[in-house]
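Letter by letter, the chains look like this.
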Amino acid sequence: YLEEADITCIIKFPDSIPNIPVSPEQRRNIFLIVKESLNNIVKHASATRVEIEVQILNNHFSVNIRDDGKGMPDSGSRKEGNGLGNIEKRVTECGGIFSIESVSGKGLCLSIENIPC
């Protein structure tokens, strides 16, 4: 998906992944969170590079998605669509914490932290 949009993608994944069962609902929510995040980057960020970092620590899962795009003019701004609201809702349903750091003209970091495994 990112390749078709001419966006370089770097994925940082743990060397060792614990064998922890994940419910189908949890797996679906995480997939949709990442999918919506990447869709937002392609549609709105004008990014050339995306970094996805996955961490698994103490039976908790975290994902950080960073881009080098234009960022959001106001990180609290959600003028159009439901994308960020849907992401936040799904993260909350998973028991995690959602945050966004954005600097206008310097990109955005979307963090999904501490989702219990």
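Refer to the structure presented above.
Description of the structure in this document.

Reading guide: rules and limits
Residues numbered from 1 in each chain as written. Predicted model: local features only at pLDDT ≥ 70, side-chain atom pairs only at ≥ 80, totals over all residues. Heavy atoms only, no water. Helix = DSSP H or I, 4+ residues; strand = E, 2+ residues; numbered from the N terminus. Buried < 20%, exposed > 50% of the residue type's maximum accessible area, 1.4 Å probe, protein only. Salt bridge = Lys/Arg side-chain N within 4 Å of Asp/Glu carboxyl O. Core = buried A, V, L, I, M, F, W, Y, C linked by side-chain atoms within 4.5 Å. Contact = heavy atoms within 4.5 Å. Pairing = 2+ DSSP bridges. Axes fitted to C-alpha atoms, helices over the stretch in contact; angles between N-to-C directions.

1. Some thoughts on unusual backbone geometry
Right, so step 1: The backbone of Ser 46 shows a phi angle near 55 degrees, a positive value even though the residue is not glycine.
Right, so step 2: One can find Ser 46 in the loop between α1 (24-45) and β2 (49-57).
Right, so step 3: Exposure remark for Ser 46: the relative accessible area of 59% places this residue in the exposed category.

2. Looking at the pattern of salt bridges
Right, so step 1: Tallying each qualifying case throughout the model produces five salt bridges.
Right, so step 2: Glu 51 serves as the salt-bridge partner of Lys 12, at 3.5 Å between the closest nitrogen and oxygen. In this pair, Lys 12 is assigned in strand β1 (residues 8-12) and Glu 51 in strand β2, connecting sequence segments 39 residues apart.
Right, so step 3: We note a salt bridge from Arg 66 to Glu 53, for which the minimum N-O separation is 3.5 Å.

3. A word on the nonpolar core
Soluble globular proteins tend to pack their nonpolar side chains together in the buried interior.
Right, so step 1: Ranked by size, the top nonpolar core spans 25 residues in total, and within it Ile 41 and Val 50 carry the most contacts.
Right, so step 2: For this core, the secondary structure elements donating two or more residues are α1, β2, β3 (60-67), α2 (83-93), β4 (97-103) and β5 (107-116).
Right, so step 3: With five residues, the top contributor of residues to this core is α1.
Right, so step 4: For Ile 41, the contacting residues outside a window of four places in its chain are Ile 7, Ser 46, Ala 47, Val 50, Ile 65 and Asp 67.

4. Side note on the sheet that holds β2
Right, so step 1: Read from one edge to the other, the open sheet built from five strands follows the order β1-β2-β3-β5-β4, with strand pairing classed as mixed. Edge positions in the sheet fall to β1 and β4, since each of these pairs with one other strand and no more. The average undirected angle you get between the axes of adjacent strands in this sheet is 10 degrees.
Right, so step 2: Here β4 pairs with β5 via seven bridges, running antiparallel. Residue pairing for β5: Val 103 is matched across the bridge by Gly 107.

5. Observations concerning the pairing of β3
Right, so step 1: Counting buried positions over the eight residues of β3 gives six, a clear majority of the element.
Right, so step 2: Counting the residues in the hairpin turn of β2 and β3 gives two residues, including Asn 58, whose phi is positive at 50 degrees.
Right, so step 3: Inspection of the sheet shows β3 paired to β5 by seven bridges, in the antiparallel sense. Within β5, the residue paired with Asp 67 across the bridge is Leu 108.

Interpretation note: all reported values are geometric properties and have no functional meaning in isolation.
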